[in-house]
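Inside the fold
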Amino acid sequence: MKAVLKFLRYAGNHKRLIFLNFIFNLLYVVFQLVTLMMIMPVLRFLFSKDGANAQALSSKNYGVGQWFSDQYQSFITWFGSLAKGEPFTALAYLCVALVCVTIMKNGFRFLAMNFMVLIRNRSIQEIRQGVYQKCLDLPIAYFNNERKGDLMSRMSNDIKEIEFALMVSLEALYFQPLNILLFMVALVVLSAKLTVYILLFLPLTALIIGLIGRSLRKRSVKNQVLLGKVMSAYEETLGGIRIIKAFNASSFFAKKYNEQDEAYTKNNIGVQRRYDLSSPMSETIGISVSALLLWLGGSMVFRHELDPEFFLTYFAIFSQLIPPFKAFSNALYAAQKGMASLERIQELVSAPITVEDPQNPKIPVFTSSLSLNNVGFSYLDGSPVIQQFDLHIKKGQTIALVGPSGAGKTTLTDLVARFYDVSSGGICIDGVDIREFEQEALRRLIGIVNQESILFNESVRNNIALGRPELPLEDVINAAKAANAHEFIMEMEQGYDTEIGERGGKLSGGQKQRLAIARALLKDPEILILDEATSALDSKSEKAVQQALELLMKHRTSIIIAHRLSTVVHADLIVVMDKGKLVESGTHNELLEKKGMYYNLIQLQQLLSN
Ligand code: ADP
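This write-up is about the structure you can find in this document. (Residues numbered from 1 in each chain as written. Predicted model: local features only at pLDDT ≥ 70, side-chain atom pairs only at ≥ 80, totals over all residues. Heavy atoms only, no water.)

Observations regarding unusual backbone geometry
Using the following cut-off: A run of H or I in DSSP counts as a helix once it spans at least four residues, and a run of E counts as a strand once it spans at least two, with each numbered from the N terminus. Note on exposure labels: buried denotes an accessible area under 20% of the residue type's maximum, exposed denotes more than 50%, and partly exposed covers the range between, all computed with a 1.4 Å probe on protein chains only.
In this model, Asn-374 sits at a positive phi of 50°, which is unusual for a non-glycine residue. Here Asn-374 is to be found in strand β1 (residues 369-378). Under the relative-accessibility criterion, Asn-374 is labelled partly exposed at 40%. One non-glycine residue, Asp-430, adopts positive backbone phi at about 50°. Structurally, Asp-430 is set in the loop between β4 (424-429) and β5 (432-433).

Structure representation (structure tokens):
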């Protein structure tokens, strides 16, 4: 039941639609009952020998039944006079009425379903958009490679599962009980005595059907788990097929796979047996209960306790009771299944946002310096990646970060952009800690060009003016020209309107990089971060990119991470890092004289390039 309530909370934003759905469903059930009850007058007029002058009811009813019999009797009398005693006319009227009632009944059902479709799709849309927005809001720390697959599966499989569960359950969970209730009321009205008899047997029947259903459910859940194991064994084998062959491990893997497969097959046989059993069982039970009803009701008819037409109508309504019971129990099951998915979605939606904006943010102004004061940082898994890091950067300076891979260079720039918060110490712009600014305001100051330029499935123009489609094309073109990108863009079929999605694959690394540089130029940031921006390029494109980069860095404060040390020679300050610590710093010449780590790195690179 908890699952059901959670579902309802999502749908709860659409109260008006739910109300309309309820009203039309109610009308539908009422009209369905009316259709079934129309058997009564039909039978009466067919079987009464003097046609439309139908006789009075032959038997006595008690309680509510008496009230209903009286109403029914006056209806028959009125209807008889309407048909002027003509049995053919009476029958014709009844047939026309039956068609009209049926049209209305189905019309109401269609309207109800129509509102349900809206509720379902809008609720799912809200969940999906909520998840997407949350992903945009979550700090970078949340997204590591492992998580990406998991996040994708939540967005696709889990949401699909919830949609399916919502589709089956939402309506059925309230509509079927309503259906059952109204039908039961009709049964009581037709014959309270017979209903009491039947109710005595109902729990037994429900118990038997319930037991079969439960065991089926348990095994189907297990089936999913076992199938998952079979699939992952298969996947693992495909991934490692080279190694499996090279090490002659085929028979070992075949044995392992076959064991998983056997467990799944056995369970599946059990599921299918029970499934096959459930249909004959429920038919047998259904017919047995009907036979019992026939005997009990028939006896009452013989004893003149119940009119035959009442009994036949009773029988017809009773036979329509089983499907709503089934639909209700299916809906409960679906809701339970959807619950696991819903929990996974909620876990994501309620994940804490660890990098927060302050209550009263300050406006960042960068006029003099960017400083890192005794900065320490470690990722979630613990060991420190940056330690006691002090660096003072004056506005307009170019700073190069060098050092072995894994030294913490990228992490340091991520801290400046506040993708993560420092664990200790602080980073200040003009003496104000960057945690006192809104993230958006801070990042407006910063431009980043990475080793792998990230392009989106958009036009060239929108890729350069990322997130700001309102910028005039002229500005975009100027930026592209400055980034040495204009020429090759114009060679594309639709120039600046070319969709990168189609053409992205055909762009060379250097071209992509120049688009990324044009993007940074257009943003015109105060602080520029270049993370290995030229290292993925061949020497020909490197030249074009290098020129563009130099222009980009002019009059700006830049932090460059470069593997190739030749590119950092002209930096105002070279900072050598190792294991998260600042080892030495100075200009190229100062560091060469020191004959420290930088000197060694230079020597090593020269050795390698010779
Ligand atoms: P560099 O840029 O100097 O090569 P990085 O800043 O990329 O170094 O990495 C510094 C250290 O932090 C490395 O030991 C790396 O394994 C670790 N690291 C980088 N990113 C993460 C992350 N998202 N989660 C945990 N550890 C990370």
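Quick look at the state of the cysteines
One covalent bond between the sulfur atoms of two cysteine residues makes up a disulfide. Our working rule: Put simply, a disulfide is two cysteine sulfurs that come within 2.5 Å.
Per the counting criterion, the structure on display carries zero disulfides. Summary of cysteine pairing: Cys-100 is not part of a disulfide, and the nearest cysteine sulfur, belonging to Cys-95, is at 11 Å. According to the relative accessible area criterion, Cys-100 is partly exposed, its value standing at 39%.

Some points on the nonpolar core
Using the following cut-off: Buried Ala, Val, Leu, Ile, Met, Phe, Trp, Tyr and Cys residues form a nonpolar core when they are joined through side-chain atoms within 4.5 Å. Only heavy atoms enter the contact rule, under which two residues are in contact if any of them lie within 4.5 Å.
Of all hydrophobic cores here, the largest spans 65 residues; its most connected members are Leu-190, Leu-194 and Ile-317. Among all residues touching Leu-194, those that are not within four sequence positions of it are Leu-293, Leu-296, Gly-297, Met-300, Leu-306, Phe-311 and Tyr-314. By size, the runner-up hydrophobic cluster in this structure holds 46 residues, among which are Ala-465, Ala-533, Ile-574 and Ile-602.

Quick look at the sheet that holds strand β3 (residues 398-402)
Rules: Only when DSSP finds a minimum of two bridges between them are two strands counted as paired. To obtain an axis, a line is fitted to C-alpha atoms, over the contacting stretch when the element is a helix, and the angle between two such axes runs from 0 to 180 degrees between their N-to-C directions.
Spatially, six strands are ordered β6-β7-β8-β3-β9-β10 in an open sheet, and the strand pairing comes out mixed. One side of each edge strand has no neighbouring strand; the edge strands of this open sheet are β6 (446-449) and β10 (581-586). Within the sheet, the average angular offset between the axes of one strand and its neighbour, ignoring direction, is 20°. Strand direction decides the pairing type here: β3 and strand β9 (residues 573-578), joined by four bridges, are parallel. Pairing of Leu-401 across the sheet is with Val-575, part of β9. Its contacts with the sheet put helix α18 (residues 509-523) on β6 and β7 (527-531), and the angle it makes with β6 is roughly 175°.

Here's the deal with the sheet that holds β1
Reading across from one edge, β2-β1-β4-β5 is the order of the four strands in this open sheet, with antiparallel pairing throughout. Whereas interior strands pair on both sides, the edge strands pair on one side only; in this sheet they are β2 (384-394) and β5. Bridge count for β1 against β2 is seven bridges, and the pairing is antiparallel. The partner of Ser-371 across the bridge, within β2, is His-392.

Topic: the site of the ligand
In plain terms, the rule: Working definition: residue near molecule or strand if any one of its non-hydrogen atoms lies within 4 Å of it. Polar contact is defined as a pair of N or O atoms within 3.5 Å, subject to the rule that within protein one atom must be able to donate a hydrogen and the other to accept it, and that residues adjacent in sequence are counted only when both atoms are side-chain atoms. Classification used: nonpolar for Ala, Val, Leu, Ile, Met, Phe, Trp, Tyr, Cys and Pro, charged for Asp, Glu, Lys and Arg, polar for all others including Gly.
The full set of residues close to the ligand is Tyr-379, Asp-381, Val-385, Pro-404, Ser-405, Gly-406, Ala-407, Gly-408, Lys-409, Thr-410, Thr-411 and Tyr-420. The contact in question runs from an oxygen atom of the ligand to an N or O atom on the backbone of Lys-409, over 2.9 Å. When residues in the shell around the ligand are grouped by element, the largest group, three residues, is from helix α12 (residues 409-416). For the shell around the ligand, the per-class residue count stands at five nonpolar, five polar and two charged.

Focus: the layout of surface pockets
Keep this limit in mind: Both cavities and pockets are sets of points on a 1 Å grid over the protein atoms alone; in a cavity a 1.4 Å probe fits but cannot get out, in a pocket the set is open with protein on both sides within 12 Å along at least five of seven lines, and lining residues sit with an atom within 4 Å of a point. Grid points are joined across faces, edges and corners, and a volume is the space filled by probe spheres set on the points.
As a volume, the second largest pocket reaches approximately 1500 Å³. Contributing to the lining of the second largest pocket are 43 residues, with Gly-213, Arg-217, Lys-326, Ser-329 and Asn-330 lying nearest its centre. Ranked by residue count, the leading element in the lining of the second largest pocket is helix α7 (residues 192-239), at 14 residues. Looking at the lining of the second largest pocket residue by residue, the class counts come to 20 nonpolar, 15 polar and eight charged.

Brief notes about the pairing of strand β8 (residues 557-561)
The buried count for β8 comes to five of five residues, which makes it a mostly enclosed element. The alternating pattern of β8 places Thr-557, Ile-559 and Ile-561 and Ser-558 and Ile-560 on opposite faces, both of which are buried. One ladder, built from four bridges, connects β3 with β8; its direction is parallel. Across the sheet, the residue bridging to Ala-400 is Ile-560, located in β8. In this sheet, β8 lies alongside β7 in parallel orientation, the contact comprising five bridges. The partner of Asp-531 across the bridge, within β8, is Ile-561.

Quick look at the packing of α7 against helix α10 (residues 308-319)
Selection criterion: Handedness of a helix crossing follows the sense of rotation of the near helix relative to the far helix, less than a right angle counterclockwise being left-handed and clockwise being right-handed.
Direction vectors running N to C along α7 and α10 enclose 35°, while the axes themselves pass 12 Å from each other. For the crossing formed where α7 meets α10, the hand is right-handed. Here Leu-194, Thr-195 and Ile-198 of α7 lie close against α10, whose contacting residues are Phe-311, Tyr-314 and Phe-318. Per-class residue counts for the contact of α7 with α10 are five nonpolar, one polar and no charged.

Considering the environment of Met-553
Note that Met-553 resides in helix α19 (residues 539-553). Of the residues examined, Met-553 reaches a relative accessible area of 19% and is grouped as buried. Considering only alpha carbons, one finds Met-553 and Glu-236, 317 residues apart in sequence, at a separation of 48 Å. If near-sequence neighbours (up to four positions away) are discounted, Met-553 is found in contact with Thr-398, Leu-528, Leu-530, Ser-558 and Ile-560.

Some words on α18
Test applied: A helix is expected to span 1.5 Å for every residue after the first.
Here α18 is 15 residues long and its end C-alpha atoms lie 21 Å apart, about the 21 Å a rise of 1.5 Å per residue gives. The element α18 is extensively covered by neighbouring structure, given that 12 of its 15 residues are classed as buried. Listed in full, the buried residues belonging to α18 are Gly-510, Gln-511, Gln-513, Arg-514, Leu-515, Ala-516, Ile-517, Ala-518, Arg-519, Ala-520, Leu-521 and Leu-522. Positioned one or two residues after α18, Asp-524 has a phi angle of 50°, which is positive.

A few points about the pattern of salt bridges
Convention followed: Take a side-chain nitrogen of Lys or Arg and a carboxyl oxygen of Asp or Glu: if they are within 4 Å of each other, that pair is a salt bridge.
This model, assessed by the stated rule, comprises 15 salt bridges. As a salt-bridge pair, Arg-44 and Glu-309 come within 2.9 Å of each other at their nearest N and O atoms. Pair noted here: Arg-44 is in helix α3 (residues 39-47) and Glu-309 is in helix α10, with a separation of 265 residues, a long-range link. A residue is classified by how much of its surface remains accessible, and Arg-44, at 7% relative accessible area, is buried. Note on Glu-309: relative accessible area 8%, which makes it buried. Linking Glu-171 and Arg-109 is a salt bridge whose minimum nitrogen-to-oxygen distance equals 3.2 Å.

Some points on a nonpolar patch on the surface
Put simply, the rule is: For patch detection, residues must exceed 30% relative accessible area and be free of salt bridges, and they are connected within 9 Å for like charges or within 5 Å for nonpolar side chains (Val, Leu, Ile, Met, Phe, Trp, Tyr). Surface exposure here means Shrake-Rupley accessible area, sampled with a 1.4 Å probe, where a residue is shielded only by the protein chains that are shown.
A contiguous nonpolar patch, built from Phe-75, Trp-78, Leu-82 and Tyr-93 and spanning about 400 Å² of accessible area, is present on the exposed surface. If one sorts the elements of the nonpolar patch by residue count, helix α4 (residues 64-82) sits on top with three residues. Its location among the elements puts Trp-78 in helix α4.

Overview of the packing of α3 against α10
Here α3 crosses α10 at 145°, and the two axes come no closer than 9 Å. With respect to the hand of their crossing, α3 and α10 are arranged in right-handed fashion. In this structure, α3 uses Ile-39, Met-40, Leu-43 and Arg-44 to contact α10, whose residues at the interface are Glu-309, Phe-310, Leu-312, Thr-313 and Ala-316. Here the contact of α3 with α10 is built from residues that sort into six nonpolar, one polar and two charged.

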